[in-house]
Amino acid sequence: MIALMATMAIAANAQKYALIDMEYILKNIPAYERANEQLTQVSKRWQAEVEALNTEAATMYKNYQNEVVFLSQEQKKAKQDAIMQKEKEAADLKKKYFGPEGELFKKRESLMSPIQDEIYTAVKEISETRGYQLVLDRASDSGIIFASPKIDISNEVLQKLGY
């Protein structure tokens, strides 16, 4: 029994671990910065479109309030419907661009996936070459309190990617 436990302890100690800092890696990849800038520009343009529709709806409502005493019931209803339609249009456009499966999500996915795939492939190749059983991302794992810089392979990943 003691021999079995000693063997298991030795095997557990023989496992090799490495760390990467994904934020550091991404900051050093120019394509990632360009993709982020593209996303920012697209997001601003789409946000301006949504805001323009919201402003238009607010203006329509303000005009309605100024004219309400002079309008018949049918005219009031028509104006209210038009205002509600414009607000719905703005909400639909916002959902289309910024919703969970919206255009911004799809654009981010199309721009970032190739970069992330390259990083994953580089980490996998380095891990297989050096015999790492586990590679953790220190940028996203708040469970890491301390890690020796000796096991951080972020620069090696960047070199593998050509940066």
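Below you will find a few notes about this structure. (Residues numbered from 1 in each chain as written. Predicted model: local features only at pLDDT ≥ 70, side-chain atom pairs only at ≥ 80, totals over all residues. Heavy atoms only, no water.)

## With respect to the overall build of the protein chain
(1) Moving on: For the protein chain, the count of helices and strands is six helices and two strands.
(2) Moving on: Going residue by residue from the N terminus, the α and β elements of the protein chain occur as α-β-α-α-α-α-β-α.
(3) Moving on: Within the protein chain, the proportion of its 163 residues that are buried is 26%. (Helix = DSSP H or I, 4+ residues; strand = E, 2+ residues; numbered from the N terminus. Buried < 20%, exposed > 50% of the residue type's maximum accessible area, 1.4 Å probe, protein only.)

## Regarding the packing of aromatic side chains
(1) Moving on: A full pass over the atoms with the stated rule returns three aromatic pairs.
(2) Moving on: An angle of 5° between the planes, with centres 4.5 Å apart, marks the rings of Trp46 and Tyr97 as stacked. Of this pair, Trp46 sits in helix H3 (residues 30-67) while Tyr97 sits in helix H4 (residues 73-98), placing them 51 residues apart in sequence.
(3) Moving on: The class for Trp46 is buried, based on a relative accessible area of 10%.
(4) Moving on: Judged by relative accessible area, Tyr97 falls into the buried class, the value being 8%.
(5) Moving on: Chaining the aromatic ring pairs together yields one cluster made of Trp46, Tyr97 and Phe98. (Phe/Tyr/Trp six-rings, centres within 6.5 Å; stacked < 30°, edge-to-face > 60°.)

## Description of the pattern of salt bridges
(1) Moving on: Summed over the entire model, instances satisfying the criterion amount to eight salt bridges.
(2) Moving on: For Lys77, the salt bridge identified is with Asp81, shortest N-O distance 3.3 Å. Of this pair, Lys77 and Asp81 both sit in helix H4, four residues apart, which is roughly one turn of the helix.
(3) Moving on: Of the charged contacts in the structure, one is a salt bridge between Lys86 and Glu89, with a shortest N-O distance of 3.9 Å. With Lys86 and Glu89 both in helix H4 and three residues apart, this pair spans about one turn of that helix.
(4) Moving on: Residue class for Glu89 comes out partly exposed when judged on its relative accessible area of 34%.
(5) Moving on: Taken together, the shared-partner salt bridges connect Glu56, Lys86 and Glu89 into one network. (Salt bridge = Lys/Arg side-chain N within 4 Å of Asp/Glu carboxyl O.)

## Thoughts on the side chain of Ser127
(1) Moving on: Secondary-structure assignment places Ser127 in helix H5 (residues 103-130).
(2) Moving on: Those residues in contact with Ser127 that sit more than four places away from it in its chain are Tyr132 and Val135. (Contact = heavy atoms within 4.5 Å.)

## Overview of the packing of H3 against H5
A packed helix pair is summarised by two numbers, namely the angle formed by the two axes and the spacing between the axes.
(1) Moving on: Interhelical geometry of H3 versus H5 gives an angle of 175° and a closest axis separation of 10 Å. Here H3 is positioned roughly antiparallel relative to H5, judged by the angle of their axes. Across from Ala31, Tyr32, Ala35, Asn36, Gln38, Leu39, Val42, Ser43 and Trp46 in H3, the residues of H5 making contact are Glu103, Leu104, Lys107, Arg108, Leu111, Met112 and Ile115.
(2) Moving on: Here the contact of H3 with H5 is composed, by residue class, of 10 nonpolar, three polar and three charged. (Axes fitted to C-alpha atoms, helices over the stretch in contact; angles between N-to-C directions. Parallel < 35°, antiparallel > 145°, perpendicular 65-115°, else oblique. Nonpolar A, V, L, I, M, F, W, Y, C, P; charged D, E, K, R; others polar.)

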